[in-house]
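# Summary of the model geometry
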Amino acid sequence: MVPFRIGVLQLSMEPVRETVRMARACEEAGFDTFWLAEAYPWWRKHGFEARSSTAITAVIAAETERINVGWGIISPYTRHPVQIAMEARVMQDLCGGRFLLGLGASKIFMKEIGEGEGAPGRGPATVMRESVEIIRGALDGKAFRYEGKVFAADVPGLREDAEVARVRTPIYFAATGPVLQKLAGSHTDGLLTASISTPEFVRYSRRNMEEGARKVGRDPRELDLGAVIVGSIHHDRAKGREGAREMAAMYLANKVQNIRGSADILLRSAGLTFEEIRPIAEAMESGGRKAAARAVTDEVFRKVKAIAGTPDDCIAAIEEYRAAGCTHIMLEIWGEDREQQARLFGEAVLPHFAPAPARQG
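Residues numbered from 1 in each chain as written. Predicted model: local features only at pLDDT ≥ 70, side-chain atom pairs only at ≥ 80, totals over all residues. Heavy atoms only, no water.

Time to look at the packing of aromatic side chains. Applying the stated criterion to the full structure yields 10 aromatic pairs. A network of ring pairs unites the aromatic residues Tyr40, Trp43, Phe48, Tyr251 and Trp334 as a single cluster. The ring of Phe4 has Arg322 sitting right over it, with the charged end atom 4.9 Å from the ring centre. (Phe/Tyr/Trp six-rings, centres within 6.5 Å; stacked < 30°, edge-to-face > 60°. Lys NZ or Arg CZ within 6 Å of the ring centre and 35° of its normal.)

Structure below.
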């Protein structure tokens, strides 16, 4: 019941004009969605700057016409849910039904702002559930009052003559553990999985999301499951894997250094151990991302299950993810000339997954 979609996800750690140009290239190539993940200050150690994804996506929404634009993700630990609803209203004004709202606890961001795992009573499950309830209540337009364990809200009703977009925005939870994945199934329109997702992790995530949906009488077939997967493409296989190898190295180093507990299931699903990837983190610290990429062995790269290589390689990988239950590919393109890579995906990969034309008569 949910259409299969292929989109691109990018971190908000690059100059705004470059990000907007990439979003336009993805729209021209025929991708369904462009997600912007909010980078965090950890990336400064490696030559990148953290930027506001809500600000940048507003620019992207104004500079595109067809492609869906998503927050993938922002954290309610850094913005009150009423503020999130206000920023969502901007996106609705600019691109209407093309807007997708992704929420996640963002363990690394929590660590950097001193939240840790969340104070007593402020754990991720409570924060995420209350956030989606307040955001939906505020966007609904009716008078809305809320008293939760973490958040409170008191929002007057919206007048009928107020000039705002009257659209429903899909809300997603990004989650790695079973509690939040089940909450995505019971409370949202879909689940987004983290980087270094594999087909096995997609199957694990879908089981949790569907269990949460069934507990409240929802049809799991109506829920979207998006998976963030590193990738790169070239007609030459070796060149087509270079970018994905480098991005995989950065994420693996990140998981060793910052989110060991929540990353465990991701790595187990890939058949990876912390001992196996620790040399990558050490290379990242001592020599940067290029050195980390060189530390990614062929065996580690095989386990990561990137969508990378030639167009045929990428088609086969996407088919494997779709068979595992992914309905929304969130491809993180990395490497040389990403705009050209987007065009090659559009020319040689996306047509393979285009819906069949409706039969006449």
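Moving on, we come to helix α12 (residues 311-324). Counting along an α-helix, one turn takes 3.6 residues, and residues three or four places apart therefore face a common direction. Here α12 contains 14 residues, and its C-alpha end-to-end distance of 20 Å stays within 8% of the 20 Å for a straight helix at 1.5 Å per residue. All of the buried residues in α12 are Pro311, Asp313, Cys314, Ile315, Ala317, Ile318, Tyr321 and Ala324. In the stretch just after α12, Gly325 is the one whose phi turns positive, near 115°. (Helix = DSSP H or I, 4+ residues; strand = E, 2+ residues; numbered from the N terminus. Expected span 1.5 Å × (residues − 1). Buried < 20%, exposed > 50% of the residue type's maximum accessible area, 1.4 Å probe, protein only.)

The subject of this paragraph is the environment of Ala138. The residue Ala138 is located in helix α5 (residues 124-140) in this model. You can call Ala138 buried: its relative accessible area is 16%. Along the chain, Ala138 and Pro156 lie 18 residues apart, while their C-alpha atoms are 8.8 Å from each other. Aside from chain neighbours lying at most four places away, what touches Ala138 is Ala85, Arg89 and Phe144. (Contact = heavy atoms within 4.5 Å.)

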